[in-house]
Amino acid sequence: MSSTATLNYISQQLNIYLGISMFIFGLIGCLWNMLIFRHYSIRLSSCCVYMLISALASLIQLIFGLLIRIISEGFQLDWTLSNIAWCKIRNYITFCASSISLSCNVWATIDRFLSTCHQIKWRSFNSVYIAKGVCLLTTIIWMLAGIPILIYIQPMQTRRTCASSSFVWSTVSTYVFNLLGYGICPWLFMSIFGLLTLKNVRRNRSQRINPIPATFLTRMARIDNQLTSVLLFQIIVTIISSMPYCIQRIYDSLTEKVIKTEYRRAQEYLFLQIVRLLFYFNYISMFYLSYLSSSIFRNLSKKVLVNLFKNKHDISREITIINHQNNEKQIRQRQQLNIATIQTLRTSTLV
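What you are looking at is a predicted structure, and each value in this text was computed from that prediction instead of being measured. (Residues numbered from 1 in each chain as written. Predicted model: local features only at pLDDT ≥ 70, side-chain atom pairs only at ≥ 80, totals over all residues. Heavy atoms only, no water.)

## Some thoughts on the overall build of the chain
Put simply, the rule reads: Each helix is a run of H or I in the DSSP string that is no shorter than four residues. Each strand is a run of E no shorter than two, and both are numbered from the N terminus. With a 1.4 Å probe rolled over the protein chains alone, any residue whose accessible area is under 20% of its type maximum counts as buried; one over 50% counts as exposed, and the rest are partly exposed. The contact rule is simple, with two residues in contact once any of their heavy atoms fall within 4.5 Å. Surface accessibility in these figures is a Shrake-Rupley result with a 1.4 Å probe; residues are shielded only by whichever protein chains are displayed.
When you go through the chain residue by residue, the secondary structure sums to 12 helices and two strands. Start at the N end of the chain and walk to the C end: the helices and strands fall as α-α-α-α-α-α-β-β-α-α-α-α-α-α. Relative to its full complement of 351 residues, the chain shows a buried share of 43%. Considering only contacts in the chain between residues 6 or more positions apart, those separated by 24 or more positions represent 82%. In the structure as shown, the chain presents an accessible area of about 19600 Å², 67% of it carried by carbon and sulfur atoms.

Below you can see the structure in the form of structure tokens.
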């Protein structure tokens, strides 16, 4: 077997074995995220609205992006080369889904920053109603931005892929959407607001007269803190997985008219498959990062698994009992917190 054939064989096996494994883990993670972020105990958090829409968009991206790529690149069954309508629709759906997912991750990071701001005027934007409006507006914007895909994308038999027939749209797609939309903007905004969130959290802790014990913190406050930790890990994954893909797309655009040997094409094809698979970690990693870094998320995962095997009557009765217990617990915690605050003020007055 020649070196070129070996590299092509490795690329094919990567798509089959690694791609299928990633799809299975991603499918489980996205579905689990959707069940968890719809859970009655956290669905009133605006951050969970963004993460729910991101999980839904990620699921669509995995089905129309990764699964179809496994079939076409791994098993050599590429319907996009013979069906122009499927070529256009698939590229349009994957563009919208990936953009919406990354945008919602950015909005979730900004939401965490607003929730930790000291000024009430900024915290007022931290609401479920606003989050739903932002998600709807984001979806509409990306759906409109992707309309040129339905016009210019078509099968290219010479390149064995779907590509743009317009040089202008190809340039805009590479340097605006791929470089900025998938690369620089998501991790840049997530990094900036992630650092600002950490700064706010540390400042809020230092401004407390007496540190509040963890038992006095409300459930929603603990959920907010742990969601912040999850998003900080997601920033790291976004940077690692997105930058190689953007670099590859720019390189491919710059060397499009360069005459290449078969061996070089095989090398570039292998690198392309690696960075594309790496890029899908953006849509796979959220559930597993949340599970590893958040105790509340782990507990909710177990509850969701148990509730899948219960009937609706038992779940409704259990929710009523839990809500009643939580109300009583919150009342006792407020009373304890008031007593602790009074004692602290008395101590500071005597001193």
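## Some points on a nonpolar patch on the surface
How we decide: Patch definition: residues with relative accessible area over 30% and no salt bridge; like charges joined within 9 Å; nonpolar side chains (Val, Leu, Ile, Met, Phe, Trp, Tyr) joined within 5 Å. When a carboxyl oxygen of Asp or Glu is within 4 Å of a side-chain nitrogen of Lys or Arg, the pair counts as a salt bridge.
Together, I89, L136, I140, L144, I147, L150, I151 and Y152 make up an exposed nonpolar region whose accessible area comes to about 720 Å². For the nonpolar patch, the secondary-structure elements that each account for two or more residues are α5 (128-145) and α6 (147-152). Per-element accounting of the nonpolar patch gives the leading share, four residues, to α6. One can find L136 in helix α5. The exposure class of L136 is exposed, given its relative accessible area of 53%.

## Brief notes about helix α3 (residues 84-115)
The condition is simple: In this analysis, the expected span of each helix is defined as 1.5 Å times one less than the number of residues it contains. Distance and chemistry together define a polar contact, namely a pair of N or O atoms within 3.5 Å, with one atom able to donate a hydrogen and the other to accept it when in protein, and with adjacent residues in sequence counting only for side-chain atoms on both sides.
In this model α3 runs 46 Å from its N-terminal to its C-terminal C-alpha over 32 residues, within 8% of the 46 Å that 1.5 Å per residue would give. Counting buried positions along α3 gives 26 out of 32 residues, so the element sits mostly inside the fold. Backbone nitrogen of A85 and a side-chain oxygen of the N-cap are separated by 3.1 Å at the start of α3; the cap is N83.

## Brief notes about the pattern of salt bridges
If you walk through the whole model with that rule in mind, you get four salt bridges. Linking E73 and R69 is a salt bridge whose minimum nitrogen-to-oxygen distance equals 3.8 Å. In this pair, E73 and R69 both sit in helix α2 (residues 46-74), four residues apart, roughly one turn of the helix. Residue E73 is classed as buried on the basis of its relative accessible area, which comes to 15%. One salt bridge in this structure joins E268 and K260, with 2.8 Å as the shortest N-O distance. By the burial criterion, E268 is buried, and K260 matches it.

## Looking at the UniProt feature "transmembrane region" (unreviewed entry) in the chain
This is how the line gets drawn: UniProt positions are given in the numbering used here, feature names are shortened, and annotations may be inferred rather than shown by experiment.
In the UniProt entry, the feature "transmembrane region" (unreviewed entry) is given for residues 16-37, 49-72, 92-114, 134-155, 175-198, 229-251 and 271-292. End C-alpha to end C-alpha, residues 16-37 measures 31 Å, and it is 100% helix and 0% strand. Annotated as residues 271-292, this span is 95% helix and 0% strand, and its ends, taken at the C-alpha atoms, are 30 Å apart.

## A word on the nonpolar core
Just so we agree on the cut-off: We call a set of buried Ala, Val, Leu, Ile, Met, Phe, Trp, Tyr and Cys residues a nonpolar core when their side-chain atoms join them within 4.5 Å.
Among the nonpolar cores identified, the biggest contains 51 residues, and I36, M51, L62, L66, F95, Y182 and Y280 are the most heavily contacted of them. Among the elements that make up this core, the one with the highest residue count is α2 (11 residues). If we skip the residues at most four places from it in the chain, L62 touches F23, G26, L27, C30, L67, Y280, Y283 and I284.

## Looking at the packing of aromatic side chains
Inclusion rule: The aromatic pairing rule takes the rings of Phe, Tyr and Trp, using the six-membered ring of Trp, and pairs them if the centres are within 6.5 Å, calling planes under 30 degrees apart stacked, those over 60 edge-to-face and the rest tilted.
Counted by the stated rule, this structure contains 15 aromatic pairs. Taken together through their ring pairs, the aromatic side chains of F25, W32, F287, Y288 and Y291 make up a single cluster.

## Remarks on unusual backbone geometry
Backbone geometry at Q76 places phi at a positive 60°, although glycine is not the residue there. Overall, the relative accessible area of 47% leaves Q76 in the partly exposed class.

## Here's the deal with the confidence of the model for the chain
Here is the rule: pLDDT is a residue-level measure of predictor confidence that goes from 0 to 100.
In the predicted model, the chain carries a mean pLDDT of 78, and the fraction of residues at 70 or more is 77%. Mean pLDDT across the secondary structure elements of the chain bottoms out at helix α12 (residues 312-350), with 49, and peaks at α5, with 93. Scored below 50 in pLDDT, residues 209-217 makes 13 contacts in the model with residues more than four places away or belonging to other chains.

## Some details on the environment of S170
Inspection of the secondary structure assignment puts S170 in helix α7 (residues 167-206). Taking C-alpha positions, S170 is 9.2 Å from I153, a pair spaced 17 residues apart along the chain.

## A closer look at the state of the cysteines
Using the following cut-off: Criterion for a disulfide: a pair of cysteine sulfur atoms at a distance within 2.5 Å.
The full count for this structure, using the stated rule, is one disulfide. The disulfide bridge from C87 ends at C162, spanning 2.0 Å between sulfur atoms. Residue C87 is found in helix α3, and its partner C162 is found in strand β2 (residues 161-164); the two are separated by 75 residues along the sequence. Of the two residues examined, C87 and C162, each falls in the buried class.

## Considering the packing of helix α9 (residues 262-279) against helix α10 (residues 281-293)
So the rule is basically this: Orientation is described by lines fitted to C-alpha atoms, with helices fitted over the stretch in contact, and by angles between N-to-C directions that extend from 0 to 180 degrees. Here the term charged refers only to Asp, Glu, Lys and Arg, the term nonpolar to Ala, Val, Leu, Ile, Met, Phe, Trp, Tyr, Cys and Pro, and the term polar to all other amino acids, Gly among them.
Between α9 and α10, the least distance of the axes is 6 Å, while the angle of their chain directions is 35°. Contacts between α9 and α10 involve L277, L278 and F279 from the former and F281, N282 and Y283 from the latter. A breakdown of the residues in the contact of α9 with α10 according to their chemical character gives five nonpolar, one polar and no charged.

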